[in-house]
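Single-letter residue listing:
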Amino acid sequence: MANPQAVNFLTGLAKAAFSLGLGATAVNSSLYTVDGGQRAVLFDRFRGVLDETVGEGTHFLIPWLQTPYIFDIRTKPHTFSSVSGTKDLQMVNLTLRLLSRPEVPSLPSIFKTLGTEYDEKVLPSIGNEVLKAVVAQFNADQLLTERPHVSALVRESLIKRAKDFNIVLDDVAITHLSYGAEFSKAVEQKQVAQQEAERSKFVVMKAEQERRAAIIRAEGESDSAKLISDATAAAGMGLIELRRIEASREIASTLARSPNVSYLPGGNNILLGLNPEEEALPLDGNAHNKEIRETQKERGIKTRLWVFMLEPLYWLKMLAHELHWRFIFGVAIIYGTSQGLGGSLFNVSSDYYWKDVQKVQPSEAQVYSGVIGIPWIVKPLWGILTDVVPIAGYRRRPYFILAGLLGAASTLLLSLKKKVDVMFALLSMTAVSAGAAIADVTIDACAAENSMSHLSLAADIQSLCAFCSSIGQLVGFTISGFIVHQIGPKGVFGVLIIPFVLVSSVGILLKEQYVPNFAYKQVYPKFIDASKATFTTLKCGDVWRPCLYMYLSFALSLNIHEGMFYWITDPKAGPALSEKVLKDYPYRGVLFWAQLLRGIIGMLDLILVLRLNLKLGVPDKYFVVLDEIVSKCTGRIKRMPLLVISSKLCPPGTEGTFFALLMSIDNFGSLTSSWGGGLLLHVLNVTRSKFTNLWLAILVRNIVRLLPLALLFLVPRSDPSSSILPAKITKAKEDEDVDKASNIELVSLIGSTR
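Note that the structure is predicted; figures quoted are calculated from it, not measured.

We now examine the overall build of the protein. A tally of helices and strands in the protein yields 26 helices and eight strands. Within the protein, buried positions represent 40% of all 754 residues. Surface exposure of the protein reaches about 42500 Å², of which carbon and sulfur atoms provide 63%.

Set out below in C-alpha cells:
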C-alpha cells in the first residue's frame, strides 16, 4: 500500500509544477522582444491596428487579444530588370538597384494597406513604370551620353512615387544598360561604314596628290624636252653626243666596279696579257662619280630652296581649293588691306591728329581711343544682324557693302572738313571704327563657319587671317610715318577711303547662298533663339572659362600707349621719332610663354625711357623700331591661340553672333586696359610735357601683365586640332537640322500627294 505522505508530496509537487508552467506560459505570452533595427506594430482584436509604433526592447501585451508584427526598418537592397522602349523605338534592357526602408511613423498604415511584404509588392511595379516612362523620353544614344541626367530623372520620379506608399529610397542607381541585338549590330555597321568612308576619303586624297605629282613630272619632262629640242636646233647635235659619251662613261664605270665582268682585248688574240703591243685602257670612274654626286647635291639644295620658297603659295592654293578663292580674297582685303594697312595708318594718323591738330592731353587721348573702340565691343549686335537679318536675300554680302560705305563717308568728312570740333571728330572716328568692326564681324562669321565645317583647317584659317593682318600692318607701319609727314593726319584719312571701297568690293564678289522670300516677321523669334543659343553656350564651363581668361588677359595688360607716344614724339623729353616701321602645341603652353615674354619684353620701354639704350650704344631710332617689332610679335603670338579657341567655341547657326561676342570680350578687355592705362597716367601725373613718372607707369604695367599667368587654368588643355565645344550643343543643333530636313521632306511629300 502506498505511503500517504509520499502521495501527498507528489501531488503537491505536480500542482506546483503545473501552476509554475501555467504562469510561465502566461508571462511568455505577455512579453515580446523587438531587436535592433526593427519596429513592431500591434494588432488588437477589439481596436484593430494600433496607431503607435513600438520601438526596440522587450514589451508587454495582452495575450490572445494583441498580436505584434515585426518590421525591419534597416535599408535593404532590391534589384530588378526592365525591358523598355526608347524615343526612337529601340528596345533597351536596364537593371535598377534600389536601397529602400519604410517610414517608421507610417508603419501602421503600411501594415494596414500593404502588409509586411510591402517592398515586394510596390517597388517592382513602380520601378518598371518609372523606367519605361523616363526611357521613352530619350533616344537610344542619349541614354549613354546623358546618363547622369537619365539617372537623376529616374531617382526623382521613383522617390516621389515611393513616398506615396510611405517608402523611403536612400539610393537609386542604374547598374546595367544593354541594347538589342539589332541596334548593337547597326551601331557596329555604322562605325565600320564611317571607317570605310574615312579610308575612301584618304584614298581619294592620295589619288589626287599622285595625280598632281604626275602632272608636275609630266610638265617638267615636257619643258626639259622642249629645251633640249630648242638647243639641238640652235647648236646642232653636240649636246646629244655629249650625253652619249657621259652615258658610256657611266656604264663603263659601273661595269668596272662589278666583280663578275671580265674584259677581253680586241683582235684575234684573246689571251690576256700575251700581246705586249696592245694594252687595255684604264677605266677609272671615281672622278666622274664624284662630279655626279656634287651635281646631285647642288640640285637637291636648289630643289629644297624652291620648295621652301613656294610652300606659302602651295598653302594658299590648298586653302583656296578647300574654302574657295573668294573667301581667301575677302580675308586678304578685310584683314590685310582694311584692318592691317588701313588700321595701322588710322592708328598712327589718329595719334598725331589728337596730339597736333586737337592738342589734347595724353590721358584724354587714351580715353578717346577707348571710345573709338566701342563699336568693337558691341560686335555681338553686328553678329546677330548678320546671322538673323538678311538683306536682299543675303546674310553677309550687304553688310560688307554697308561697312565700306560707312567707313568711306566718315573718313571723307574727316579729311575735307577744315575745322572739326573734338566731339564731331570723335563721332566720325567712331563711325570709321564701326565700319571696320562690321566688316570684321562679317568676315569672322565666314571664318567661323569654315572652321566648324573644316575642323582640321581651323588653325590654318586663323593663321591666314593673322598672316594677312601682319603683312598689312608691316606695310602700313612702314609707310605711315612718311605719309603722315608728307600729307598730314587729315590727308591720311582721305587715303583711307581706298581700303573701305575694297571692303565694299568683297560684298560684291563674295560667294553666298541666296535666301529668297525671307520672312522678316520671324526676325524677333530668331533673335530670341540666337540669344538663347548664345546664352546656353556661354553657360558651359568649357566656354565661359576661356572667355573669362581672354578678358582678364587683355584687361590686365594696361595700355599706356598714348603716354609713350607723346614722350617719343616730344622734341625735348624724348627721342622725337615717328613710327616707321603655333599650330600643333597646346593652348596653355603657348599662352604661358607669350604672356611671360610680353611682361618681360615690356621692360624695353623702361630701358628706352631711362635712356639706358644710349649707354649700350643703341640709337633711339633703332631701339624704338626693335621695341615695336618685338611687342607686335609677342602680341600676335598671344592672340593667335585665343582666336583659334574663339573660332571653335561658336555653336552652329549663330557663328557670327557668338564669334562677335567673343571678340567683343577681347575688345572690352582692351577698352578696360586702355581706360585703366589712362587712369594710371592721370594718377601718376603724366601730361603733354611732364614725363617724370612715366617709368613708374611702365613698371606697374609690366607687373600687372604677369597676373594672367595665374589664370591659365581657365584655358582648355586641348590643342588646335581637337574640338572644344561640348558635344551636347553641336548634337542639339544637328538634331534640329535633321528635324527641319525631315519636316521639309514631309511637306514636299504631302504636296506631291495632292
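So, on to the sheet that holds strand E7 (residues 91–102). Here three strands make up an open sheet; going across it, the order is E6-E7-E8 and the pairing antiparallel. Two strands close off the open sheet at either side, each with one partner strand: strand E6 (76–85) and strand E8 (167–179). The sheet shows a mean angle of 20 degrees between the axes of neighbouring strands, direction not considered. The pairing of E6 with E7 spans 10 bridges and is classified as antiparallel. In the strand pairing of E7, Gly-85 is matched with Met-91. Each of E6, E7 and E8 touches helix H3 (residues 118–135); the most contacted strand, E6, lies at about 35 degrees to it. With respect to the sheet, helix H5 (residues 147–164) is in contact with E7 and E8, its orientation differing from that of E8 by roughly 140 degrees.

The next subject is the nonpolar core. Among the nonpolar cores identified, the biggest contains 35 residues, and Leu-96, Leu-143, Val-154 and Leu-158 are the most heavily contacted of them. Sorting the residues of this core by element identifies E7, helix H2 (107–113), H3, H5 and E8 as the ones contributing at least two each. Those residues in contact with Leu-158 that lie beyond four places of it in its chain are Leu-96, Leu-98, Ile-126, Gly-127, Val-130, Leu-169 and Val-172. Listed in part, the 32 residues of the second largest apolar core include Ile-328, Ile-333, Ala-403 and Cys-465.

Once that is clear, we can look at the state of the cysteines. Tallied over the entire structure, the rule returns zero disulfides. The thiol of Cys-468 is unpaired, and the distance to the nearest cysteine sulfur, on Cys-465, comes to 7.0 Å.

Summed over all chains, the structure comprises seven aromatic pairs. Centre to centre, the rings of Phe-71 and Phe-111 are 6.1 Å apart; their planes meet at 90 degrees, and the pair counts as edge-to-face. Residue Phe-71 is located in strand E5 (residues 66–72), and its partner Phe-111 is located in helix H2; the two are separated by 40 residues in the primary sequence. Residue classification places Phe-71 among the buried positions, given a relative accessible area of 2%. With a centroid separation of 5.0 Å and 40 degrees between ring planes, the pair formed by Trp-354 and Tyr-368 is classed as tilted. Here Tyr-368 lies in helix H10 (residues 362–372) and Trp-354 lies in helix H9 (residues 325–357), a separation of 14 residues in the sequence. Each member of the pair, Trp-354 as well as Tyr-368, carries the same accessibility label: buried. What links up through ring pairs into an aromatic cluster is the set Phe-346, Tyr-353, Trp-354, Tyr-368 and Phe-493. Above the face of the Trp-64 ring, Arg-45 is positioned so that its terminal group lies 4.8 Å from the ring centre. In this structure, Arg-397 is placed above the aromatic ring of Tyr-394, and the distance from its NZ or CZ to the ring centre is 4.7 Å.

The positions that UniProt labels "transmembrane region" (unreviewed entry) are, in the present scheme, residues 327–346, 366–386, 398–416, 422–443, 464–485, 491–510 and 589–610. Along residues 589–610 the backbone is 91% helical and 0% strand, and the end-to-end C-alpha distance reaches 33 Å.

Before going further, it helps to examine H9. Along its length, H9 reaches its greatest deviation from straightness, about 35 degrees, at Gly-343. Counting buried residues along H9, 25 of its 33 residues qualify, which places the element largely inside the surrounding structure. Positive backbone phi, approximately 55 degrees, marks Lys-359, located one or two places after H9.

Next up on the list: the pattern of salt bridges. Summed over the entire model, instances satisfying the criterion amount to nine salt bridges. One salt bridge in this structure joins Arg-47 and Asp-44, with 3.7 Å as the shortest N-O distance. Asp-44 sits in the buried class, given a relative accessible area of 5%. What emerges from the salt-bridge pattern is a single network uniting Glu-208, Arg-211 and Arg-212.

Here we come to the sheet that holds E5. Spatially, E3-E2-E5 is the arrangement adopted by the three strands of the open sheet, whose pairing is antiparallel. Edge positions in the sheet fall to strand E3 (48–54) and E5, since each has one partner strand and no second. The sheet shows a mean angle of 25 degrees between the axes of neighbouring strands, taken without regard to direction. For strand E2 (residues 38–44) and E3, the ladder comprises four bridges, and the chain directions are antiparallel. Looking at E3, one finds that Asp-44 is bridged to Gly-48.

Quick look at helix H25 (residues 694–705) now. In this model, H25 (12 residues) spans 17 Å end to end at C-alpha, consistent with the 16 Å of a helix rising 1.5 Å per residue. Within the span of H25, buried status applies to Leu-694, Ala-697, Ile-698, Arg-701, Asn-702, Val-704 and Arg-705. The buried residues of H25 occupy one face: seen down the axis, they fall within an arc of 160 degrees.

Checked against the element boundaries, Leu-642 lands in helix H23 (residues 620–648). In this structure, the C-alpha to C-alpha distance between Leu-642 and Asp-666, residues 24 residues apart in sequence, is 9.3 Å.

With that settled, the discussion passes to a nonpolar patch on the surface. Taken together, Ile-391, Ile-401, Leu-402, Leu-405, Ile-508 and Leu-509 make up a surface patch of nonpolar side chains, about 500 Å² in accessible area. For the nonpolar patch, the elements supplying multiple residues, two or more each, are helix H13 (397–416) and helix H16 (497–509). When residues in the nonpolar patch are grouped by element, the largest group, three residues, is from H13. Summarising the element assignment, Ile-401 is placed in helix H13. Look at Ile-401 and you get partly exposed, because its relative accessible area is 31%.

The topology assignment puts Val-357 in helix H9. Owing to a relative accessible area of 38%, Val-357 belongs among the partly exposed residues under this scheme. Val-357 sits 132 residues away from Pro-489 along the chain, and the two C-alpha atoms are 8.4 Å apart. Among residues more than four places away in sequence, those in contact with Val-357 are Tyr-352 and Pro-489.

Calculation notes
- Residues numbered from 1 in each chain as written.
- Predicted model: local features only at pLDDT ≥ 70, side-chain atom pairs only at ≥ 80, totals over all residues.
- Heavy atoms only, no water.
- Helix = DSSP H or I, 4+ residues; strand = E, 2+ residues; numbered from the N terminus.
- Buried < 20%, exposed > 50% of the residue type's maximum accessible area, 1.4 Å probe, protein only.
- Areas by Shrake-Rupley, 256 points an atom, 1.4 Å probe, with all protein chains shown as cover.
- Pairing = 2+ DSSP bridges.
- Axes fitted to C-alpha atoms, helices over the stretch in contact; angles between N-to-C directions.
- Contact = heavy atoms within 4.5 Å.
- Core = buried A, V, L, I, M, F, W, Y, C linked by side-chain atoms within 4.5 Å.
- Disulfide = S-S within 2.5 Å.
- Phe/Tyr/Trp six-rings, centres within 6.5 Å; stacked < 30°, edge-to-face > 60°.
- Lys NZ or Arg CZ within 6 Å of the ring centre and 35° of its normal.
- UniProt positions renumbered as here; feature names shortened; annotations may be inferred.
- Bend = angle between axes of the 7 residues up to and from the residue.
- Salt bridge = Lys/Arg side-chain N within 4 Å of Asp/Glu carboxyl O.
- Expected span 1.5 Å × (residues − 1).
- Arc of directions from axis to C-beta.
- Patch = residues over 30% accessible without salt bridge, like charges linked within 9 Å, V, L, I, M, F, W, Y side chains within 5 Å.

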